[in-house]
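Close look at the chain arrangement
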Amino acid sequence: MAAHTPETILSVEHWNDSLFSFRTTRSSSLRFDSGHFLMVGLPNGERPLLRAYSIVSATYDPYLEFLSIKVPNGPLTSRLQHIKVGDEILVSQKAVGTLVVDDLLPGKNIYLLATGTGLAPFLSIIKQPEIYDRFEKVVLVHGVRHVSDLAYENTIRAELHEHPLVGEQVQEQLIYVPTVTQEDFHTQGRITSLIENGKLSSLSGLPKLNPDTDRVMLCGSVGMLQDLTELLESKGFKPSEQRGVAGHFVIEKAFAEQ
Ligand SMILES: Cc1cc2nc3c(=O)[nH]c(=O)nc-3n(C[C@H](O)[C@H](O)[C@H](O)COP(=O)(O)OP(=O)(O)OC[C@H]3O[C@@H](n4cnc5c(N)ncnc54)[C@H](O)[C@@H]3O)c2cc1C
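Each value, and the rule that gives it
Sequence positions are assigned chain by chain, starting from 1 and proceeding in written order. At least 70 in pLDDT is required for a residue's local features to be given in this predicted model, at least 80 for side-chain atom pairs to be given and counted, and no such filter applies to totals for whole chains, interfaces and linings, which use all residues. Only DSSP runs of H or I reaching four residues or more are called helices, and only runs of E reaching two or more are called strands; each is numbered from the N terminus. The globule rule used here is 2.2 Å times the number of residues to the 0.38 power, and the radius of gyration it is set against is calculated over C-alpha atoms. The contact rule is simple: place each C-beta atom from the backbone, and if two of them lie within 7 Å, those residues are in contact. We call a residue near a molecule or strand if the C-beta atom, set from the backbone, is within 6 Å of it. Residue polarity follows a fixed list, in which Ala, Val, Leu, Ile, Met, Phe, Trp, Tyr, Cys and Pro are nonpolar, Asp, Glu, Lys and Arg are charged, and the others, Gly among them, are polar. Source of the domain bounds: an automatic or database domain assignment. One bridge is not enough; two strands pair if DSSP finds at least two bridges between them. To obtain each axis, a line is fitted to C-alpha atoms, and for helices this fit is confined to the stretch in contact; angles are then taken between N-to-C directions over 0 to 180 degrees. Residues with at least 20 neighbouring C-beta atoms inside 10 Å of their own are called buried, those with 12 or fewer are called exposed, and the rest are partly exposed, where every C-beta is derived from the backbone.

1. What about the overall build of the protein?
- Within the protein, the secondary structure is distributed over nine helices and 11 strands.
- Taking 258 residues into account, the globule formula puts the C-alpha radius of gyration at 18 Å, and the protein, at 18 Å, falls close to it.
- Taken along the three principal axes of its C-alpha coordinates, the protein extends 55 × 40 × 40 Å.
- Long-range pairs, those at least 24 residues apart, make up 71% of the contacts in the protein between residues at least 6 apart in sequence.

2. Describing the site of the ligand
- Taken together, 21 residues lie near the ligand, and Arg-51, Ala-52, Gly-74, Leu-76 and Thr-77 sit nearest.
- Breaking the shell around the ligand down by element, the ones donating at least two residues are strand S4 (49-54), strand S5 (63-69) and helix H9 (253-256).
- Of the residues belonging to the shell around the ligand, the class tally is 12 nonpolar, seven polar and two charged.
- Split by domain, the residues of the shell around the ligand number at least three in each of domain 1 (4-92) and domain 2 (101-256).

3. Quick look at the sheet that holds strand S9 (residues 174-180)
- With respect to topology, five strands assemble into an open sheet ordered S9-S8-S7-S10-S11, the strand pairing being parallel. Every other strand in the sheet has two partners, leaving S9 and strand S11 (249-251) as the edge strands with one partner each. This sheet shows a mean twist of 15 degrees between the axes of neighbouring strands, independent of strand direction.
- Of the strand pairs in this sheet, strand S10 (residues 214-219) and S11 are connected by three bridges, and their pairing is parallel. Opposite Leu-218, over in S11, you have Ile-251 as the bridge partner.

4. Points about the environment of Ile-83
- The topology assignment puts Ile-83 in the loop between helix H1 (77-80) and strand S6 (88-92).
- The partly exposed category is assigned to Ile-83, around which 17 C-beta atoms lie within 10 Å.
- Ile-83 sits 72 residues away from Ser-11 along the chain, and the two C-alpha atoms are 9.4 Å apart.
- Sequence-distant contacts of Ile-83, that is, excluding residues within four places in its chain, are made with Ile-9, Val-12, Phe-22 and Ile-89.

5. Brief notes about the environment of Leu-140
- Within the secondary structure, Leu-140 sits in strand S8 (residues 137-144).
- Given 21 C-beta atoms within a 10 Å radius, Leu-140 is considered buried.
- With 87 residues separating them in the primary sequence, Leu-140 and Tyr-53 have C-alpha atoms 20 Å apart.
- Leu-140 has contacts with Leu-112, Phe-122, Ile-126, Ile-156, Leu-174, Tyr-176 and Val-177, leaving out every residue within four places of it along the chain.

6. With respect to the sheet that holds strand S1 (residues 4-16)
- Read across the open sheet, the six strands follow the order S4-S3-S6-S1-S2-S5; overall the sheet is antiparallel. Edge strands, defined here as strands with exactly one partner in the open sheet, are S4 and S5. Put simply, the sheet's adjacent strands are angled 40 degrees from each other on average, direction ignored.
- Note that S1 and strand S2 (residues 19-25) share six bridges and pair antiparallel. Each residue of the ladder has a partner; that of Ile-9, found in S2, is Thr-24.

7. Details of the domain arrangement of the protein
- Assigned domains of the protein: these are domain 1 (4-92) and domain 2 (101-256).
- Contacts between domain 1 and domain 2 engage 17 residues on the former and 14 residues on the latter.
- Those elements that place two or more of their residues in the side of domain 1 that touches domain 2 are S1, S2, S4 and S5.
- Within the side of domain 1 that touches domain 2, the residues separate by chemical class into nine nonpolar, eight polar and no charged.

8. Focus: the pairing of S8
- Along S8, seven of the eight residues are buried, which leaves the element largely enclosed by surrounding structure.
- Sheet analysis places S8 next to S9, joined by seven bridges and oriented parallel. In the sheet register, Val-138 faces S9, and the bridge partner there is Leu-174.

9. Things to note about the environment of Arg-47
- The topology assignment puts Arg-47 in the loop between strand S3 (37-42) and S4.
- Arg-47 sits 203 residues away from Val-250 along the chain, and the two C-alpha atoms are 33 Å apart.

10. Digging into unusual backbone geometry
- Of note in the backbone geometry, Asn-73 takes a positive phi value of approximately 65 degrees without being a glycine.
- Its identity is not glycine, yet Tyr-152 carries a phi of approximately 70 degrees, on the positive side.
- Within the element layout of this structure, Tyr-152 appears in the loop between S8 and helix H4 (153-157).
- Classification of Tyr-152 as buried rests on a count of 22 C-beta atoms within 10 Å.

Below you can see the structure in the form of structure tokens.
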């Protein structure tokens, strides 16, 4: 089997000048867990130009979806941001990653903490019925700089509530907390601040984070991962050290090691 399969772009949505999403066809042989990432890219002479992308779509969706940054002069995204319906892109056939629910100890509530495009894998996770079967409440926190960076806000607030498979669970169990750092918004501040000053607790209606009851998944910039890892460890949370060894929280290690 080839390492990378050409897939066709089905739709493209630009959220603002620095963020866009795209859907592609999905090879019938591709299997993944929610939270996994694939290598995605474009032909580039002898060696394709590929980058890691978390999968936004659910494991049962017949298409693949991704959320992408547009890095000015970024080798891949300066080209990828111009893709159009009908174009081909390359997608690896082996999904991998350490941001998986199976590596968490059993718990009562789960917190999905994301900054920027770190939202991507959680969009897949909140469309899986299993997350609602495992946890009483699923708290999705998305930290961004600008209001227009709140990609998928309407999907999470409205469309998912009508979803034929998870709609009812979403209505009862999903708590969405968007927060903005550099513009006026009803919730402002970094995720670490919201945890430390008790605002996350008052917004979610849940007690403060506690390793006895809560599990956490982290996805975002290297700085965000460091800050939140330190904060969680100071509260007694232990990370999942490796695949198959469960902990109180998990991060995407490939992201952290970039
Ligand atoms: C496990 C993993 C999963 C990833 N998932 C995604 C994803 O779902 N969506 C996505 O857009 N990117 C994701 N990335 C980053 C992605 O692989 C590329 O870095 C990104 O597409 C930019 O590619 P580029 O070639 O244009 O620029 P690069 O040369 O790769 O990056 C240039 C610089 O841009 C900044 N940058 C890169 N990616 C981001 C980002 N996502 N947010 C903010 N700043 C960034 C960094 O400072 C980086 O040094 C992921 C990376 C890893 C390791």
